[in-house]
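Letter by letter, the chains look like this.
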Amino acid sequence: MSSHFRHLAALGSSFAAGPGIEPIANRAAGRSARNYPHLVARRLGAELTDLTVSGATTENVLDAPQRRMRREFPPQLEGVPSDADLVTITVGGNDLDYIGSMFMLGIAGRLSSSPWTRPLRAVLLPGPDVPNPTAETIERATARLCQVVEAARGRTPGARILLVDYLTVIGPGTRPSRAAPFDEAGIDALRRLGETVSQIFGAAASRSGAELVRMGELSRGHALGSADPWVSGLPDRLRHLGKVAPFHPTAEGMRSVADAVVEHLKT
């Protein structure tokens with residue numbers, strides 16, 4: 001597909017970077033060569049500047065360097081080229097410890113499932129909780145996401161700015177399982193936290209005038225426990241954690257995000 005877009009700049013955290021999806025473009029950044037920015041740029045026939053880094057917060061996009069695997073990444077906005085005419089943004093979940101808390105709770109649940117590892121769970125993970133963001137925390141995250149939009153707009157006059165929401169991980173049909181080793185209370189809390197992340201994206205789009213690709217809504221039927229999940233669960237064996245990124249987009253999930261972005265750009 002060819003288009004009038006010449007240069008895509010991608011900002012964001014792991015839900016844009018695509019950790020664990022082969023082939024790897026930048027191991028220190030946890031960045032895949034098949035993440036949605038790469039797929040979109042290929043579909044559009046556009047040059048790509050992929051600045052995404054797994055674990056990034058809005059601060060790491062705006063003004064705070066990020067250290068990962070003994071490498072320091074400068075604030076992502078510093079790398080946005082002035083000739084970019086399309087900017088995608090997927091960041092903010094780490095501001096609420098969204099996936100981090102899900103990972104810790106999942107490990108705790110898996111360790112608790114066996115009498116052999118239950119004592120280890122008590123030592124390593126003494127009662128992880130799902131964050132319950134206050135109104136002030138939600139407002140701060142929303143404001144910072146708006147700042148990311150405004151800063152990107154300032155660096156790329158005339159570019160289309162897209163906020164690309166996070167895929168749904170815990171959906172209406174998610175139940176306790178090996179892939180989602182949470183109790184019902186944990187599932188409810190994580191589902192609410194994911195909905196809060198999507199609400200932040202919606203609010204930031206309304207305030208900043210950025211366009212919104214509603215991936216939380218579009219992927220609700222593809223969460224863990226669905227017939228066709230677009231996200232990974234906790235691997236069956238914990239020793240495989242180094243090969244997959246639990247509770248993150250799969251290769252199919254990234255293709256689905258790319259499809260949604262390209263379809264949105266037709267409007």
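Since the structure is predicted, the reported quantities are computational estimates derived from the model, not experimental observations. (Residues numbered from 1 in each chain as written. Predicted model: local features only at pLDDT ≥ 70, side-chain atom pairs only at ≥ 80, totals over all residues. Heavy atoms only, no water.)

Student: Quick one: what's the story with the overall build of the protein, residue by residue and with numbers?
Tutor: Per the secondary structure count, the protein includes nine helices and nine strands. Scaling as 2.2 N^0.38, a compact globule of 267 residues should have a C-alpha radius of gyration of about 18 Å, and the protein matches this with 18 Å. With respect to the principal axes defined by its C-alpha atoms, the protein has extents near 60 × 40 × 40 Å. Of all 267 residues assigned to the protein, the portion counted as buried reaches 55%. In the protein, 72% of the contacts between residues at least 6 apart in sequence involve partners at least 24 apart. Of the charged side chains in the protein, 30 are positive and 27 negative, and the gap between their average positions amounts to 7 Å. (Helix = DSSP H or I, 4+ residues; strand = E, 2+ residues; numbered from the N terminus. Rg over C-alpha atoms; globule rule 2.2 N^0.38 Å. Buried < 20%, exposed > 50% of the residue type's maximum accessible area, 1.4 Å probe, protein only. Contact = heavy atoms within 4.5 Å. Lys, Arg positive; Asp, Glu negative; His and termini not counted. Charge placed at Lys NZ, Arg CZ, Asp CG, Glu CD.)

Student: Explain the packing of helix α4 (residues 98–112) against helix α7 (residues 184–208) residue by residue, including any values.
Tutor: One way to put it is that α4 packs onto α7 with a least axis distance of 10 Å and a crossing angle of 165°. As judged from the angle between their axes, α4 and α7 are roughly antiparallel. Considering the relative orientation of α4 and α7, their crossing is left-handed. Only Gly 186, Leu 190, Leu 193, Gly 194 and Val 197 of α7 make contact with α4, whose side of the interface consists of Tyr 98, Ser 101, Met 102 and Leu 105. Considered class by class, the residues forming the contact of α4 with α7 number six nonpolar, three polar and no charged. (Axes fitted to C-alpha atoms, helices over the stretch in contact; angles between N-to-C directions. Parallel < 35°, antiparallel > 145°, perpendicular 65-115°, else oblique. Left-handed = near helix turned anticlockwise from the far one by under 90°. Nonpolar A, V, L, I, M, F, W, Y, C, P; charged D, E, K, R; others polar.)

Student: Please set out the packing of aromatic side chains residue by residue, giving values where relevant.
Tutor: Taken as a whole and assessed by the stated rule, the structure comprises four aromatic pairs. Three or more aromatic residues joined by ring pairs form one cluster here, namely Phe 15, Tyr 98, Tyr 166 and Phe 201. (Phe/Tyr/Trp six-rings, centres within 6.5 Å; stacked < 30°, edge-to-face > 60°.)

Student: Lay out the pairing of strand β8 (residues 160–164) with the relevant residues and their values.
Tutor: Within β8, five of the five residues are buried, leaving the element largely enclosed by the surrounding structure. Residues Arg 160, Leu 162 and Val 164 line one face of β8 and the alternating positions Ile 161 and Leu 163 line the opposite face, and both faces are buried. The pairing of β8 with strand β9 (residues 211–213) spans three bridges and is classified as parallel. Paired with Val 164 across the strands is Val 213, a residue of β9. Remark: the β8/α7/β9 crossover connection has right-handed handedness. (Pairing = 2+ DSSP bridges. Right-handed = clockwise from strand over helix to strand, strands pointing away.)

Student: Before we move on, could you go through the sheet that holds β8 and cite the residues and values that matter?
Tutor: Ordered in space as β4-β1-β7-β8-β9, the five strands form an open sheet in which the pairing is parallel. Two strands in the sheet have a free side with no partner beyond their single neighbour: β4 (47–50) and β9. Averaged over all adjacent pairs, the angle separating strand axes in this sheet is 20°, with direction ignored. Against the sheet, helix α2 (residues 36–44) engages β1 (7–12), β4, β7 (86–90) and β8, with an angle of about 165° to β4.

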